[in-house]
Amino acid sequence: MTEPDSSQSTGRIESILATLRGESAASRRSFLRRSAAAGAGALALSVAGSNAALAHDVADDDTSDVDVLNFALTLEHLEHAFYRDGLERFDERAFRGAETLQGLAYRMRQDIRPNFETIRDHEKTHVDTLTAVVEDLGGEPVAEACYDFGLEDVDDFIAVAGVLENTGVSAYDGAIATIQRADLLTAGATIATVEARHASYLNTLNDRDPFPAAFDEASSESDVLDAAGGFIVDC
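Visitor: Describe the side chain of His77, listing the residues and the values that go with them.
Guide: The topology assignment puts His77 in helix 3 (residues 65-89). When neighbours within four sequence positions are excluded, His77 is seen to be in contact with Val127, Val142, Ala143, Glu144 and Tyr147.

Spelled out as structure tokens, the structure:
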């Protein structure tokens, strides 16, 4: 398959996200509450009122490797921004006071913020790597958006992190099967396994099953991008 011109893939995703940015603040807050309450995989639910018809699944015949990589990059931008901004806001003292973590052993609690820093760094590496690969393929990498995660405290931060990481696993599971180049397929699979390790850790912190099923459920591109609209705002 011939790759699209350098702006086609990123333009398609950005047009979807531009529409999703029109969601009201009330819709974003409602989505956040529903997602955090539902737990693992909840981000795959569509935001109320978003236009699902704008997005097409990564299984479509005209989807290129650049399309799939830019889809993954969209999620990695969101995840990296979430951890980067959250850790700038919540210091070690805030983590010590989190209600979610009070039942954990002292040694485990001491490691939690440093572990979040490691996850942040992983997501930054994913962003940098996917950006470079898209450019190497002659595409234009999708840019980081502006976000409103609606966080009030570390408990919110931990709950939403669990939602994001479980969604990342299902998103990669749905996307990597459509990658055509073998080396890119391997790279995508290695990112998916790291996201799964993040998800398992976050499930444990949120008092949920760290490995809830024998098989993970794959999510479509349209489901995930619709859901991402719950966090994306005008810059």
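Back to the write-up after that little detour.
Visitor: So, the pattern of salt bridges: which residues are in play, and what are the values?
Guide: Close approach of charged atoms allows side chains with opposite charge to pair. Taken as a whole and assessed by the stated rule, the structure comprises six salt bridges. Its salt-bridge partner being Arg113, residue Glu117 comes within 2.6 Å of it at the nearest N-O pair. Note that Glu117 and Arg113 are positioned in helix 5 (residues 106-136) at a spacing of four residues, about one turn of the helix. Salt-bridge contacts for Lys124 lead to Asp128; the nearest nitrogen and oxygen are separated by 2.8 Å. Separated by four residues within a single helix, Lys124 and Asp128 lie in helix 5, roughly one turn from each other.

Visitor: So what's going on with the confidence of the model for the protein? Which residues, and what values?
Guide: As a general rule, the predicted coordinates of low-pLDDT regions are not to be interpreted in detail. The share of residues in the protein with pLDDT of 70 or more is 72%, and the mean pLDDT across the chain is 79. Of all the helices and strands in the protein, helix 2 (residues 25-38) carries the lowest mean pLDDT, 45, while helix 5 carries the highest, 96. Residue range residues 19-59 is modelled with pLDDT below 50. Its contacts to residues more than four positions away, or to other chains, number 93 contacts.

Visitor: Could you give an account of the side chain of His80, naming the residues involved and the relevant values?
Guide: Mapped onto the fold, His80 is located in helix 3. Given a relative accessible area of 9%, His80 falls into the buried group. The residues touching His80, leaving out its near neighbours within four places in the chain, are Arg120, Glu123, Lys124 and Val127.

Visitor: Account for the packing of helix 3 against helix 7 (residues 182-205), with residues named and values stated.
Guide: Angle between the axes and distance between the axes are the two parameters that describe a pair of packed helices. Where helix 3 contacts helix 7, the two axes come as close as 13 Å, and the packing angle between them is 30 degrees. The angle between helix 3 and helix 7 places the two elements in the roughly parallel class. Crossing handedness for the pair helix 3 and helix 7: left-handed. The segment helix 3 lies against helix 7, with Asp65, Leu69, Glu76, Glu79 and Tyr83 engaging Leu184, Ile191, Glu195 and Leu202. In terms of residue class, the contact of helix 3 with helix 7 is built from five nonpolar, no polar and four charged.

Visitor: Now, about the nonpolar core: what can you tell me, with residues and values included?
Guide: Ranked by size, the top nonpolar core spans 28 residues in total, and within it Phe82, Phe95, Phe116, Phe157, Leu202 and Leu205 carry the most contacts. At the level of secondary structure, the elements contributing two or more residues to this core comprise helix 3, helix 5, helix 6 (154-175) and helix 7. Counting residues per element, this core draws most heavily on helix 6, which supplies six residues. Once you skip the residues sitting within four places of it in the chain, Phe116 turns out to touch Tyr83, Leu87, Phe95, Phe157, Ile158, Ala161, Leu202 and Leu205.

Visitor: Outline the packing of aromatic side chains, listing residues and values.
Guide: All chains considered together, the criterion is met by 11 aromatic pairs. Between the aromatic rings of Tyr83 and Phe116, the centroid separation amounts to 6.0 Å while the plane-to-plane angle is 40 degrees, which identifies the pairing as tilted. Linking Tyr83 in helix 3 with Phe116 in helix 5, this pair joins segments that are 33 residues apart in sequence. Both residues of the pair, Tyr83 and Phe116, count as buried. Three or more aromatic residues joined by ring pairs make a cluster, and in this case those are Phe82, Tyr83, Phe90, Phe95, Phe116, Tyr147, Phe149, Phe157 and Phe231.

Visitor: I'd love a proper account of helix 5, names of residues and values included.
Guide: In an α-helix, one full turn covers 3.6 residues, which means residues spaced three or four apart are oriented alike. Between the first and last C-alpha of helix 5 there are 46 Å, a value that for 31 residues agrees with the 45 Å anticipated at 1.5 Å per step. Maximal helix bending in helix 5 amounts to about 35 degrees, located at Ile112; proline Pro114 follows within four positions. Contacts made by the buried residues of helix 5 are with helix 3, helix 4 (92-96), helix 6 and helix 7. Gly138 sits one or two positions beyond helix 5 and adopts a positive phi of about 85 degrees.

Visitor: Describe unusual backbone geometry, listing the residues and the values that go with them.
Guide: One non-glycine residue, Asp207, adopts positive backbone phi at about 60 degrees. As for its position among the elements, Asp207 is in the loop between helix 7 and helix 8 (221-228). Under the relative-accessibility criterion, Asp207 is labelled exposed at 71%.

Visitor: Talk me through helix 3; I want residue IDs and the actual numbers.
Guide: In a regular helix each residue adds 1.5 Å, so 25 residues correspond to 36 Å; helix 3 covers 36 Å between its end C-alpha atoms and thus fits that length. Within helix 3, 21 of the 25 residues are buried, leaving the element largely enclosed by the surrounding structure.

Procedures and definitions
Residues numbered from 1 in each chain as written. Predicted model: local features only at pLDDT ≥ 70, side-chain atom pairs only at ≥ 80, totals over all residues. Heavy atoms only, no water. Helix = DSSP H or I, 4+ residues; strand = E, 2+ residues; numbered from the N terminus. Contact = heavy atoms within 4.5 Å. Salt bridge = Lys/Arg side-chain N within 4 Å of Asp/Glu carboxyl O. pLDDT = per-residue confidence, 0-100. Buried < 20%, exposed > 50% of the residue type's maximum accessible area, 1.4 Å probe, protein only. Axes fitted to C-alpha atoms, helices over the stretch in contact; angles between N-to-C directions. Parallel < 35°, antiparallel > 145°, perpendicular 65-115°, else oblique. Left-handed = near helix turned anticlockwise from the far one by under 90°. Nonpolar A, V, L, I, M, F, W, Y, C, P; charged D, E, K, R; others polar. Core = buried A, V, L, I, M, F, W, Y, C linked by side-chain atoms within 4.5 Å. Phe/Tyr/Trp six-rings, centres within 6.5 Å; stacked < 30°, edge-to-face > 60°. Expected span 1.5 Å × (residues − 1). Bend = angle between axes of the 7 residues up to and from the residue.

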